[in-house]
Amino acid sequence: MISERRHAILNLIIEYYLRTGEPIGSKTLCQLLPYPVSSATVRNEMAYLSQLGFLEQRHTSGGRVPGKASYRYYVDTLMKENPVSDYDARRISETLSINSGDPERLLADASRLLSEYSHCASFYCMPEDSYDCIQGVDLIPAGNSKAMLVMLTVGSKIKSSLINMPCAVDDEFRSIFYTILNKFFIGAQLSEINLALIQNSVGLAGARIFDLLPVLTSLCSLCAEASESKLMLEGETNLLSHKELGADVYKLLSFLTEKKQLMEAVKQFTESNNQKALFIGDENPLYELKNTSTAVAKYTYGNNQRAAIGIVGSMRIDYKDIIPKTRYIMDTVDILLSKGGSV
């Protein structure tokens, strides 16, 4: 049984280690406890907590440090969260509102905020949607023989490209382009749009097919880009300051940069029943993350589109400060995605 005194001792050891990265001994604990207790009693309590797997002793004569199991117990039972300040709440809401109408930019903004507030690496992921289609396309003259092609998908993805044009983008050109667009592209699945589809438009384009090629090939490229799974990282260098990761930090950075395994794990999470999760140490599904704390949230929005954001840091993060701020960012994203961009 974990008594109130054992709770107090375990809480002090964990928070001391999270703050300093150093082990703590019984004499120091006696000074920090709010009531008088002998060093011998504290040592006995520490020994009991060690038997439960909550504490470790790296050296025979050294103090104790938290074991992996203790972090979960701390987060679930002992920790008192620091509330998000009014300033931070307002700043987070205002920052995320800027691009709230564009899910990808919203997720990118959220990832940057997560990295900033957590001092960890952060990510956002948008798994491929095999049913996503083109909803609309616009071609805008941009001067100097250039045009801006803007595409919106049913899944609320916005993609654009600046094109060097071989001719003027006049009313005639735009009329032919939109005729081809409405016949062959609007409503088509992104994964089905390719160069072969351009060949089908030759009949409508006639002699202007070569003028149209830069626009049509650019549209194909935008569709290919929008149809792929995407995982973007932010703040990876923050991990270099997590000293407890030691030399393993470079293996972790290499793993994150490679992205493939993390992408698959996040995609599996988006298909699970969980909305949010905090994986600590061995709870992480990937071996490469076994010495980290990973928080992730998933979203379903629009026409059943899926996405996720999260952070990756060492197990020695400031949970009581980071968790509420991370949750606030994640919840704000959820509100913006579900309500179409307004808090």
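Per chain, residue numbering runs from 1 following the sequence as it is written. Per-residue local features are limited, in this predicted model, to residues with pLDDT of at least 70; the limit for side-chain atom pairs, both in listing and counting, is 80 or more; totals at the level of whole chains, interfaces and linings are taken over all residues. Computation of side-chain values: all heavy atoms of the structure, hydrogens and water removed.

**Considering the overall build of the protein chain**
At step 1: Helix and strand definitions here come from DSSP, where helices need a minimum of 4 consecutive H or I residues and strands a minimum of 2 consecutive E residues; each element is numbered from the N-terminal end. Summing up its helical and strand segments, the protein chain has 13 helices and 10 strands in all.
At step 2: Here the protein chain has a C-alpha radius of gyration of 27 Å; the compact-globule value for 343 residues is 20 Å, and the former is much larger.
At step 3: Overall size of the protein chain, expressed as C-alpha extent along the three principal axes, is 95 × 40 × 35 Å.
At step 4: A simple rule labels every residue: compare its accessible area, found with a 1.4 Å probe on the protein chains alone, to the largest value its type can have, and call it buried under 20%, exposed over 50%, or partly exposed in between. Residue burial in the protein chain is summarised as follows: out of 343 residues, 48% are buried.
At step 5: In the protein chain, the proportion of contacts linking residues at least 24 apart, taken out of those at least 6 apart, comes to 62%.
At step 6: All accessible-area figures derive from a Shrake-Rupley calculation using a 1.4 Å probe, and residue coverage is judged against the displayed protein chains alone. Working note: accessible area of the protein chain is about 16,900 Å², and carbon and sulfur atoms make up 50% of it.
At step 7: Counted charges follow a simple rule, with Lys and Arg positive, Asp and Glu negative, and His plus the chain ends left uncounted. Think of each charge as sitting on NZ of Lys, CZ of Arg, CG of Asp or CD of Glu. Between the centroid of the 35 positive side chains of the protein chain and the centroid of its 39 negative side chains there is a distance of 7 Å. Restricting the calculation to C-alpha atoms gives the radius of gyration, and the globule rule supplies 2.2 Å times the number of residues raised to the power 0.38. Throughout, a residue-residue contact means that at least one pair of heavy atoms, one from each residue, lies within 4.5 Å.

**Examining the sheet that holds strand S6 (residues 158-164)**
At step 1: The rule for pairing is simple: two strands pair if DSSP sees at least two bridges between them. What the 3 strands build is an open sheet, ordered S4-S5-S6; its pairing is antiparallel. Looking at which strands have only one partner, the edges of the open sheet turn out to be strand S4 (134-143) and S6. In this sheet, neighbouring strand axes are inclined to one another by 15 degrees on average, regardless of whether the strands run parallel or antiparallel.
At step 2: Contacting S4, strand S5 (146-153) and S6, helix H10 (residues 209-227) runs over the sheet at an angle of about 150 degrees to S6. What counts as an axis is a line fitted to C-alpha atoms, over the stretch in contact for a helix, and the angles between N-to-C directions run from 0 to 180 degrees.

**Digging into the packing of aromatic side chains**
At step 1: In summary, the pairing rule links any two rings of Phe, Tyr or Trp, Trp by its six-membered ring, whose centres are within 6.5 Å, and it sorts them by plane angle into stacked for under 30 degrees, edge-to-face for over 60 and tilted for everything else. Scanning the entire structure with this criterion turns up 5 aromatic pairs.
At step 2: The interplanar angle of 35 degrees and the centroid separation of 5.0 Å between the aromatic rings of Phe 54 and Tyr 73 together place this pair among those described as tilted. In this pair, Phe 54 is assigned in the loop between helix H3 (39-51) and strand S1 (55-56) and Tyr 73 in helix H4 (residues 68-78), connecting sequence segments 19 residues apart.
At step 3: Classification of Phe 54 as buried rests on a relative accessible area of 10%.
At step 4: Ring geometry for Phe 177 versus Tyr 178: centroids 5.4 Å apart, planes at 55 degrees, classification tilted.
At step 5: The side chain of Lys 183 reaches across the aromatic face of Phe 184, ending 5.7 Å from its centre. Consider the ring centre and the ring normal. A charge sits over the ring if Lys NZ or Arg CZ is within 6 Å of that centre and within 35 degrees of that normal.

**A word on the nonpolar core**
Taken as a class, soluble globular proteins show a tendency for nonpolar side chains to be buried jointly.
At step 1: Definition used in this section: a nonpolar core is a set of buried Ala, Val, Leu, Ile, Met, Phe, Trp, Tyr and Cys residues joined via side-chain atoms within 4.5 Å. With 54 residues, the main nonpolar core has Leu 96, Ile 309, Tyr 319 and Val 333 as its most contacted residues.
At step 2: In terms of residue count, the dominant contributor to this core is helix H13 (residues 319-338) (8 residues).
At step 3: With 32 residues, the next largest nonpolar core counts Cys 167, Phe 184, Ile 198 and Ala 205 among its residues.

**Examining helix H1 (residues 4-20)**
At step 1: In this model H1 runs 24 Å from its N-terminal to its C-terminal C-alpha over 17 residues, within 8% of the 24 Å that 1.5 Å per residue would give.
At step 2: The elements touched by buried residues of H1 are helix H2 (26-32), H3, S1, strand S2 (65-66), H4 and H13. The length a helix should cover is 1.5 Å for every residue beyond the first.

Interpretation in functional terms is not warranted from these geometric data alone.
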